[in-house]
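A look at the structure
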Amino acid sequence: MTSVSTRPVRQPAMTLREKGAANFHAALAAALTAGLEDALQAGDHPRAINFINRGFAEGSPQLGCDLLCRAIESVGTARTWTVQLSPPRESSAS
């Protein structure tokens, strides 16, 4: 019988830049989600679409998809949602 270690694998510590980026994206997601919820409650669908587009453009594809799914859950699939995807960004190595 072989013994298997159950110690968790240690992940490398995040750099200050990575921590800053993670904090920025968390704050952006919170702000866009709150704005989207407010727009949906007000029935302001053009403003809601603006928040979704900003999620794709300024956040990440996942954030944009999460916001779009939240809007669809709130309004339903009967509404047609048109979002504008931004062109891919080139990452610059600094």
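Residues numbered from 1 in each chain as written. Predicted model: local features only at pLDDT ≥ 70, side-chain atom pairs only at ≥ 80, totals over all residues. Heavy atoms only, no water.

**Brief notes about the nonpolar core**
Our working definition: Take the buried Ala, Val, Leu, Ile, Met, Phe, Trp, Tyr and Cys residues and link them wherever side-chain atoms come within 4.5 Å; each set so joined is a nonpolar core. Think of it in three bands: residues with accessible area under 20% of the maximum for their type are buried, residues over 50% are exposed, and the middle band is partly exposed, with areas taken using a 1.4 Å probe on protein chains only. The secondary structure listing takes helices from DSSP runs of H or I that are at least 4 residues long and strands from runs of E that are at least 2 residues long, numbered from the N terminus. Contact criterion: two residues are considered in contact whenever any of their non-hydrogen atoms come within 4.5 Å of each other.
Within the largest apolar cluster, 13 residues are counted, with the highest numbers of intra-cluster contacts made by Leu32, Leu36, Ile52 and Leu67. Taken together, the elements giving at least two residues each to this core come down to α1 (16-42), α2 (45-59) and α3 (61-75). When residues in this core are grouped by element, the largest group, 5 residues, is from α1. Once you skip the residues sitting within four places of it in the chain, leucine 36 turns out to touch Ala48, Phe51, Ile52, Leu67, Arg70 and Ala71.

**Thoughts on the packing of α2 against α3**
Our working rule: Lines are fitted to the C-alpha atoms to define the axes, a helix being fitted only along its stretch in contact, and any angle between axes, read from their N-to-C directions, falls within 0 to 180 degrees. The scheme is simple: roughly parallel for angles under 35 degrees, roughly antiparallel for over 145, roughly perpendicular for 65 to 115, oblique for anything else. In a left-handed crossing the near helix is turned counterclockwise from the far helix by less than a right angle, and in a right-handed crossing that turn is clockwise. By the convention adopted, Pro, Cys, Tyr, Trp, Phe, Met, Ile, Leu, Val and Ala count as nonpolar, Lys, Arg, Asp and Glu as charged, and the other residues, Gly among them, as polar.
Orientation of α2 relative to α3, taken along the N-to-C sense of each, is 160°, at an axis distance of 6 Å. For the element pair α2 / α3, the angle class is roughly antiparallel. Considering the relative orientation of α2 and α3, their crossing is right-handed. Note on element contacts: α3 touches α2 through Pro61, Leu63, Gly64, Cys65, Leu67, Leu68, Ala71 and Val75, opposite His45, Phe51, Ile52, Gly55, Phe56 and Gly59. Classifying every residue of the contact of α2 with α3 gives 10 nonpolar, 4 polar and no charged.

**A short note on the pattern of salt bridges**
Threshold: For salt bridges, the criterion is a side-chain nitrogen of Lys or Arg within 4 Å of an Asp or Glu carboxyl oxygen.
Scanning all chains against the criterion turns up 4 salt bridges. For the salt bridge of arginine 70 with glutamate 37, the shortest nitrogen-to-oxygen distance reads 3.0 Å. Note that arginine 70 is positioned in helix α3 and glutamate 37 in helix α1, a separation of 33 residues in sequence. Among the residues examined, arginine 70 registers a relative accessible area of 37% and is labelled partly exposed. What makes glutamate 37 partly exposed here is its relative accessible area of 27%. A salt bridge links glutamate 58 to arginine 54; the shortest N-O distance between them is 3.1 Å. Of this pair, glutamate 58 and arginine 54 both sit in helix α2, separated by 4 residues, roughly a single helical turn. Look at the salt bridges and you will find they share partners, linking Asp38, Asp44 and Arg47 into a network.

**Re α3**
Quick reminder of the rule: Each helix should span, by expectation, one fewer than its residue count multiplied by 1.5 Å. To obtain the arc, one takes the directions from the helix axis to the C-beta atoms.
Helix length check: α3, at 15 residues, gives a terminal C-alpha distance of 21 Å against a target of 21 Å (1.5 Å per residue), a fit within 8%. All of the buried residues in α3 are Leu63, Gly64, Leu67, Leu68 and Ala71. The buried residues of α3 occupy one face: seen down the axis, they fall within an arc of 135°. Seen from the open side of α3, the exposed residues pointing more than 90 degrees away from its buried face are Pro61, Gln62 and Glu73. The inward-facing, buried residues of α3 abut α1 and α2. Residue glycine 76 follows α3 closely and has a positive phi angle near 105°.

Keep in mind these numbers describe shape, not what the thing actually does.
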